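Listed here are the chains, written in short residue letters.
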Amino acid sequence: MLETTRTYRAKIVNHQQVSDDLDECGFSASKLWNVARYYTQGRWDEDGEIPDDGELKSELKEHERYSDLHSQSSQRVLEELAESFTSWYNARQRGDENANPPGYRKHGDEHPRSTVTWKQKGIKHDSKHNQLRLSKGFNLKTHRSDFILCEYETRPDVTVESIQQIRAVWNGDRWELHLVCKVEIPVEDAPGENTAGIDLGISNYLAIAYDDGDAELYPGNVLKQDKHYFTRNEYDTEGENGPSRRALRARRKLSRRKDHFLHALAKHIVEQCIDHEVGHIAIGDLSQIREDENGDARNWGKRGNKKLHGWEFDRFTNLLEYKAEEHGILVDRKSERDTSKTCSCCGRKRDANRVERGLYVCESCGTTMNADVNGAVNIRRKITQNPPTEDMSNGRLARPVAYLFNQTSGSFHPREQVGSKP
């Protein structure tokens, strides 16, 4: 058995009865965010330092707003702000001129309802009646009950137990609960002893190379089209009170479509690996891609930094890891350093080998191949030195099978089956 965590979305059945209480908690979380945001700005203006979550908790635990929520819920708000500021600072160090620090959560009619997180000490679960008691902070208990009693409903196939935390999330129309649970899942025997390598990218979201010589490309054009459509000026508008309702709806829809793409891609890759009897996947670890060989921040240029900022490689890798684990497939993160420069056939390394977008030509051995496939083969060889067992001809390497995402069916199909449309 494999012990892991899963997040389940739950509908609040008695929403009308608890929505006011959840609104109050959401508004309180926004107020605490703003207090911490003000403190952080002061520290930054004074000495150029960003306080970590430990400092924020220490400095603000006596603040009135901190006691509006359960202590662990308040702590999570401060952790999220510290994480956001750190992310902004790192982007700033990389030279990303488009990166903005986290803003204040505006007051007024459009005052956003912040996500509120409850950890185990603030939760009581009645699994028999599908009820959750979520603790309020001291300031919100006056003349009222000290908890919010939510009745929830999940998918029929979900059993809610061993809850680690609960997030109340405002989806634009109503509150919903995200239940983070510890679960044990049966692990199948590995499909085989073969290996595969995955190279993550932008134009092609990923390329995968198997040790039988097969290779596949998965273009990211659907993600690019969605991002262009849902962030057009008419949708992505900001007013005095923040994004318009239309902009918020567009952003939520974009996020859902991206999530669906990543889940579907991870599931499809696992299915393909099972077909190829793969028991071990090597995937490029891009955690260091923002640094150069000396460990300094790398500037990819204005457009490159912007693309990299939205490149959710870590989220996809996490999805792939837990979906693969269920089938006994190990996912191993490996450095991508020099994998795009090195010929996967002879091992010669030259920057000039990548002669144009998508094409890699080795002057030493004459191999011509798709550049992303070359990277995937090199990543696969991080876990095994065994050469491919089948044909590795130039034609096969230069023209791998391309799988396109069909948004209607929500699945991937070879380009020949879906025509030229994504």
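Residues numbered from 1 in each chain as written. Predicted model: local features only at pLDDT ≥ 70, side-chain atom pairs only at ≥ 80, totals over all residues. Heavy atoms only, no water.

**Q** Which parts of the structure should I look at to understand the environment of Asn378?
**A** Along the chain, Asn378 turns up in helix H8 (residues 371-380). Overall, the relative accessible area of 12% leaves Asn378 in the buried class. Asn378 sits 39 residues away from Thr339 along the chain, and the two C-alpha atoms are 5.6 Å apart. Once residues lying within four places of it in the same chain are set aside, the contact partners of Asn378 are Thr339, Thr342, Cys343 and Ser344. One polar contact links the side chain of Asn378 to the main-chain carbonyl oxygen of Thr339, over a distance of 2.9 Å. (Helix = DSSP H or I, 4+ residues; strand = E, 2+ residues; numbered from the N terminus. Buried < 20%, exposed > 50% of the residue type's maximum accessible area, 1.4 Å probe, protein only. Contact = heavy atoms within 4.5 Å. Polar contact = N/O pair within 3.5 Å; in protein donor to acceptor, adjacent residues only side chain to side chain.)

**Q** What is the right way to look at the pattern of salt bridges in this model?
**A** Any two side chains of opposite charge can pair, on the condition that their charged atoms come close. Going through the model one piece at a time under the given rule, you end up with 22 salt bridges. For the salt bridge of Asp47 with Arg43, the shortest nitrogen-to-oxygen distance reads 2.6 Å. Of this pair, Asp47 and Arg43 are both found in helix H1 (residues 15-47), four residues apart, which corresponds to roughly one turn of the helix. What makes Asp47 partly exposed here is its relative accessible area of 39%. Across the pair Lys334 and Asp332 runs a salt bridge, and its minimum N-O distance is 3.7 Å. Assessed through its relative accessible area of 23%, Asp332 is described here as partly exposed. Ionic contacts of the salt-bridge type, sharing partners, join the residues Asp53, Lys57, Arg76, Glu79, Glu80, Glu83 and Lys119 into one network. (Salt bridge = Lys/Arg side-chain N within 4 Å of Asp/Glu carboxyl O.)

**Q** Quick question: what am I supposed to make of unusual backbone geometry here?
**A** Among all residues except glycine, the phi angle is most often negative; among peptide bonds, the trans geometry is most common. Its identity as a non-glycine residue notwithstanding, Asn130 has a phi of 50 degrees, on the positive side. In this structure, Glu277 takes a positive phi of about 55 degrees despite not being glycine. Here Glu277 is to be found in the loop between helix H5 (245-275) and strand S13 (278-285).

**Q** Any chance you could explain the packing of aromatic side chains here in plain terms?
**A** What describes a pair of aromatic rings is the distance from one ring centre to the other and the angle between the planes of the rings. Applying the stated criterion to the full structure yields 11 aromatic pairs. The interplanar angle of 75 degrees and the centroid separation of 6.0 Å between the aromatic rings of Trp44 and Tyr89 together place this pair among those described as edge-to-face. Of this pair, Trp44 sits in helix H1 while Tyr89 is found in helix H3 (residues 71-93), placing the two residues 45 residues apart along the sequence. Measuring from centroid to centroid gives 6.0 Å for Phe85 and Trp88, while their planes differ by 85 degrees, and the two rings are edge-to-face. Of this pair, Phe85 and Trp88 are both found in helix H3, three residues apart, which corresponds to roughly one turn of the helix. The class of Phe85 is buried, set by a relative accessible area of 2%. Of the residues examined, Trp88 reaches a relative accessible area of 10% and is grouped as buried. In this structure, Arg133 packs its charged tip against the face of Phe147, placed 3.9 Å from the ring centre. (Phe/Tyr/Trp six-rings, centres within 6.5 Å; stacked < 30°, edge-to-face > 60°. Lys NZ or Arg CZ within 6 Å of the ring centre and 35° of its normal.)

**Q** Hey, could you run me through the nonpolar core in this one?
**A** For soluble globular proteins, the rule of thumb is that nonpolar side chains tend to be buried together. Membership of the largest hydrophobic core comes to 44 residues, with the highest contact counts inside it found for Trp118, Leu132, Leu177 and Leu179. Leu132 has contacts with Ile123, Lys124, His125, Ile148, Leu149, Cys150, Tyr152, Ile163, Ile166, Leu177 and Leu179, leaving out every residue within four places of it along the chain. With 32 residues, the next largest nonpolar core counts Val222, Leu223, Ala264 and Phe313 among its residues. (Core = buried A, V, L, I, M, F, W, Y, C linked by side-chain atoms within 4.5 Å.)

**Q** Please clarify how the confidence of the model for the protein chain should be interpreted in this entry.
**A** A low pLDDT means the predicted coordinates there should not be read in detail. The predicted model of the protein chain has a mean per-residue pLDDT of 82, with 82% of residues at 70 or higher. Between residues 290-300, whose pLDDT stays under 50, and residues either more than four places distant or in other chains, the model counts 26 contacts. (pLDDT = per-residue confidence, 0-100.)

**Q** Would you take a moment to explain the environment of Asp212 for this structure?
**A** With respect to the secondary-structure elements, Asp212 resides in the loop between strand S9 (204-210) and strand S10 (215-219). Residues Asp212 and His276, 64 residues apart in the sequence, show an inter-C-alpha distance of 8.1 Å. A distance of 3.0 Å separates the side chain of Asp212 from the backbone nitrogen of Asp214, its partner in a polar contact.

**Q** Hey, could you run me through the sheet that holds strand S17 (residues 401-406) in this one?
**A** The pairing of strands in a sheet comes from backbone hydrogen bonds and takes either a parallel or an antiparallel form. Ordered by their spatial adjacency, seven strands build an open sheet running S14-S13-S8-S9-S10-S17-S18, and the pairing between neighbours is mixed. The open sheet has two edge strands, strand S14 (330-335) and strand S18 (411-414), and neither has a second partner. Shown here is a sheet whose adjacent strand axes are inclined to one another by a mean of 25 degrees, direction ignored. Across six bridges, the pairing between S13 and S14 is parallel. Pairing of Gly284 across the sheet is with Lys334, part of S14. Those strands touched by helix H7 (residues 313-325) are strand S8 (194-200), S9, S13 and S14, and its axis lies near 150 degrees from that of S14. (Pairing = 2+ DSSP bridges. Axes fitted to C-alpha atoms, helices over the stretch in contact; angles between N-to-C directions.)

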